[in-house]
Amino acid sequence: MKLHMVTRNQGKFREASLELSKFGIELLQIPDDKVELQSDDVSEIALFAARQAYARHRVPLVVDDTGLYIESLNGFPGPYSSYVLRKIGLQGVLRLLDGVTNRRACFRTAVAYVDGTEESLFTGETCGFIVEAPRGSLGFGYDPIFVPEGSNRTFAEMSVEEKNALSHRGRALRALGSWLASRSQSNR
Ligand code: ITT
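This report concerns the structure included in the present document.

Reading the values: the criteria
- Residues numbered from 1 in each chain as written.
- Predicted model: local features only at pLDDT ≥ 70, side-chain atom pairs only at ≥ 80, totals over all residues.
- Heavy atoms only, no water.
- Helix = DSSP H or I, 4+ residues; strand = E, 2+ residues; numbered from the N terminus.
- Rg over C-alpha atoms; globule rule 2.2 N^0.38 Å.
- Buried < 20%, exposed > 50% of the residue type's maximum accessible area, 1.4 Å probe, protein only.
- Contact = heavy atoms within 4.5 Å.
- Lys, Arg positive; Asp, Glu negative; His and termini not counted.
- Charge placed at Lys NZ, Arg CZ, Asp CG, Glu CD.
- Near = heavy atom within 4 Å.
- Polar contact = N/O pair within 3.5 Å; in protein donor to acceptor, adjacent residues only side chain to side chain.
- Areas by Shrake-Rupley, 256 points an atom, 1.4 Å probe, with all protein chains shown as cover.
- Salt bridge = Lys/Arg side-chain N within 4 Å of Asp/Glu carboxyl O.
- Pairing = 2+ DSSP bridges.

The helix and strand tally for the protein chain stands at five helices and seven strands. When the helices and strands of the protein chain are read in sequence order from the N terminus, they spell out β-α-β-α-β-β-α-β-β-β-α-α. Taking 16 Å as the expected radius of gyration for a compact globule of 188 residues, we find that the protein chain reaches 16 Å, a close match to that expectation. Seen through its principal axes, the protein chain has C-alpha atoms that stretch 55 × 30 × 25 Å. Within the span of the protein chain, comprising 188 residues, buried residues form 48% of the whole. A fraction of 59% describes how many contacts in the protein chain between residues 6 or more apart in sequence connect residues 24 or more apart. Within the protein chain, the 23 negative side-chain charges are centred at a point lying 3 Å from the centre of the 23 positive side-chain charges.

As a further point, take the site of the ligand. Taken together, 19 residues lie near the ligand, and Thr-7, Lys-12, Asp-143, Lys-163 and His-168 sit nearest. For the ligand, an oxygen atom lies 2.9 Å from a polar atom in the backbone of Thr-66. Contacts to the ligand include Tyr-142, whose backbone N or O atom sits 3.0 Å from a nitrogen atom. Protein burial of the ligand: of its 610 Å² of free accessible surface, 90% is covered by the chains. Of all the secondary-structure elements, those providing two or more residues to the shell around the ligand are strand S3 (61-70), helix H3 (81-96) and helix H5 (168-186).

Quick look at the pattern of salt bridges now. Summed over the entire model, instances satisfying the criterion amount to 21 salt bridges. With a shortest N-O distance of 3.5 Å, Glu-71 and Arg-104 are connected by a salt bridge. With Glu-71 in the loop between S3 and strand S4 (77-78) and Arg-104 in strand S5 (residues 104-114), this pair connects stretches of sequence that are 33 residues apart. Taken together, the shared-partner salt bridges in this structure form one network comprising Lys-12, Glu-15, Asp-64, Asp-143, Lys-163 and Arg-169.

Turning next to the pairing of S3. Counted residue by residue, S3 has nine buried out of ten residues, so it is predominantly covered. Here strand S1 (residues 2-6) runs beside S3; their pairing, made up of two bridges, is parallel. Each bridged residue has a counterpart across the sheet, and for His-4 the counterpart in S3 is Leu-61. For S3 and S5, the ladder comprises ten bridges, and the chain directions are antiparallel. Paired with Ile-70 across the strands is Ala-105, a residue of S5. Where S3 and S4 come together, two bridges link them in antiparallel fashion. Following the sheet pairing, Tyr-69 is matched in S4 by Pro-77.

Here it is in structure tokens:
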């Protein structure tokens, strides 16, 4: 089965391709901009963007929207994660946490599926903490400063396979993969 993902983020696409291939799904990238709804909720943002993308491309597709929610900053940057990283970088985010002892943070991902007939949402969350200084060169985005609960390595010190096993995105993708697999069986 073929499925498209609308994203300009190569790291995201790499993680999704690997995870969905385990369900027999071949993922194809549409490197287009997402239409960004103003909302605190990644599910609303992903679904809105997926509907817009479907109207433009007319193929079964998914959109992934992800945010990093830092507890001591009341959930900031959340839906502004991309903007904040571009503007102040990892060092800027670490500076906001200077002297802060509560380093807890959670990544939230929503993957929205739209095919013109059906729509479905799959979510995943992984909590952990923000380290004092970036570590690792793998992954992308906030990966060098985030350690998931139960690990002592940042996501940027993990292979795609390892990160997927623990990550917000991995969880959402496995839910999507199972749903698509069971759906294609019942359509047989
Ligand atoms: P598309 O909208 O084109 O898919 P994007 O990178 O803008 O790509 P998001 O809005 O979902 O996607 O991402 C928000 C920010 O969070 C952005 O800066 C990402 O690099 C970062 N991010 C997303 N998933 C991440 C992950 O698994 N690990 C680390 N950072 C992540």
